[in-house]
Amino acid sequence: MQQGGVSNALPFCSLAASPLTAGMAGKHGVTIRRVTHKPRNPASRADATELAILNHYEAALTGTNPPPPALTNLTASTVTFFAPIVLNNELCLKCHGEKGKDISAENVAVIQPLYPQDEATGFKLGQLRGAWRIDIPLASLARAQ
């Protein structure tokens, strides 16, 4: 963003975000995903369980202060960590705000070809954007002790 704004950052993020996340997941033996009710990338769409977590976070949101992360056992072999993602910086709105107001026509022109099914706009400051989901195998936790 500092070296060329949205038109520079978005193509980089589009190519680099998934490999960076996968690299961290592989390094630590976990699965990492961003989940949301309004995805930019369809692979990030929340399933029914994740949507329930997002609804809980949305109800617990106060101002720009996110609710606390949560741990749960969705399966017998994993612990799942959820952490809310709240848009708490005006800069976030340059890609996720309202088209024509927060997102310039120039930036829409960069977003649209990269994400033709984009639903990740129309947000306001302080709203829930989604959550991080990290699935941790119980076996790896046992080894770590």
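Cut-off values and rules
- Counting of residues starts from 1 at the beginning of each chain's written sequence and follows it residue by residue.
- Restriction of local features to residues with pLDDT of at least 70 applies here, the model being predicted, together with a cutoff of 80 or more for giving and counting side-chain atom pairs; totals for whole chains, interfaces and linings are based on all residues.
- Based on all heavy atoms of the structure, the side-chain values leave hydrogens and waters out of the count.
- In this scheme, strands are said to pair when DSSP sees at least two bridges between them.
- Helix and strand assignments follow DSSP, with helices taken as H or I runs no shorter than four residues and strands as E runs no shorter than two, numbered in order from the N terminus.
- In this description, a line fitted to the C-alpha atoms serves as the axis of each element, helices being fitted only across the stretch in contact, and the angle between N-to-C directions of two axes falls anywhere from 0 to 180 degrees.
- By the convention used here, residues are in contact when the closest approach between their heavy atoms is within 4.5 Å.
- Basic side-chain nitrogens of Lys or Arg form a salt bridge, by our definition, when they fall within 4 Å of a carboxyl oxygen of Asp or Glu.
- Partly exposed residues are those whose accessible area sits between 20% and 50% of the maximum for their type, while under 20% is buried and over 50% is exposed, using a 1.4 Å probe and protein chains only.
- Counted as a polar contact is a pair of N or O atoms within 3.5 Å, where, for protein atoms, one must be capable of donating a hydrogen and the other of accepting one, and residues adjacent in sequence contribute only when both atoms are in side chains.
- Pairs were defined over the aromatic rings of Phe, Tyr and Trp, the Trp ring being its six-membered one, requiring ring centres within 6.5 Å. Orientation was assigned from the angle between planes: stacked under 30 degrees, edge-to-face over 60, tilted for the rest.
- Two conditions define a charge sitting above a ring: the NZ of Lys or the CZ of Arg must be within 6 Å of the ring centre, and it must be within 35 degrees of the ring normal.
- Joining through side-chain atoms within 4.5 Å is the link that ties buried Ala, Val, Leu, Ile, Met, Phe, Trp, Tyr and Cys residues into a set, and such a set is a nonpolar core.

Draft legend 1. The sheet that holds strand β4 (residues 128-137), seen in detail. Taken together, four strands build an open sheet; the order of strands is β1-β4-β3-β2 and the sheet is antiparallel. Only two strands of the sheet have a single partner each, and these edge strands are β1 (31-35) and β2 (70-75). Adjacent strand axes in the sheet meet at a mean angle of 25 degrees when their direction is disregarded. Here helix α2 (residues 48-60) sits on the sheet and contacts β1, β2, β3 (78-86) and β4; the angle it forms with β4, its principal contact strand, is near 130 degrees.

Draft legend 2. Looking closely at the pattern of salt bridges. The final tally for this structure, using the stated rule, is six salt bridges. In this structure, glutamate 50 and arginine 33 form a salt bridge, with 2.8 Å as the shortest nitrogen-oxygen distance. Note that glutamate 50 is positioned in helix α2 and arginine 33 in strand β1, a separation of 17 residues in sequence. Here glutamate 50 falls in the buried class, since its relative accessible area comes to 1%. The shortest N-O distance in the salt bridge between lysine 124 and glutamate 98 comes to 2.9 Å. A residue pair is termed long-range when its members are at least 10 positions apart, and lysine 124 in the loop between α4 (105-114) and β4 and glutamate 98 in the loop between α3 (93-96) and α4 qualify at 26 residues. Accessibility expressed as a relative area gives 27% for glutamate 98, which makes it partly exposed.

Draft legend 3. Geometry of the side chain of aspartate 135. Note that aspartate 135 resides in strand β4. Only 2.6 Å separates the side chain of aspartate 135 from the side chain of threonine 80, close enough to count as a polar contact. If we ignore the near neighbours within four places in the chain, the residues touching aspartate 135 are Val30, Thr31, Val79 and Thr80.

Draft legend 4. Quick peek at the side chain of glutamate 50. Within polar-contact distance, the side chain of glutamate 50 engages the side chain of arginine 133 at 2.6 Å. Among residues more than four places away in sequence, those in contact with glutamate 50 are Arg33, Val35, Arg45, Phe82 and Arg133.

Draft legend 5. Structural context of the packing of aromatic side chains. Evaluated as defined, the whole model comprises zero aromatic pairs. Between lysine 38 and the ring centre of phenylalanine 123, over which it is positioned, the NZ or CZ distance is 4.6 Å. Lying over the aromatic face of tyrosine 115, arginine 40 brings its terminal NZ or CZ to 5.9 Å of the ring centre.

Draft legend 6. A look at the nonpolar core. Of all hydrophobic cores here, the largest spans nine residues; its members are Val35, Ala46, Leu54, Tyr57, Leu61, Phe82, Val86, Leu128 and Ala131. Those elements that provide at least two residues to this core are α2, β3 and β4. Ranked by size, the runner-up nonpolar core spans five residues in total, among them Cys95, Ile103, Ile111 and Tyr115.

Limitation: the analysis is restricted to geometry and does not speak to function.
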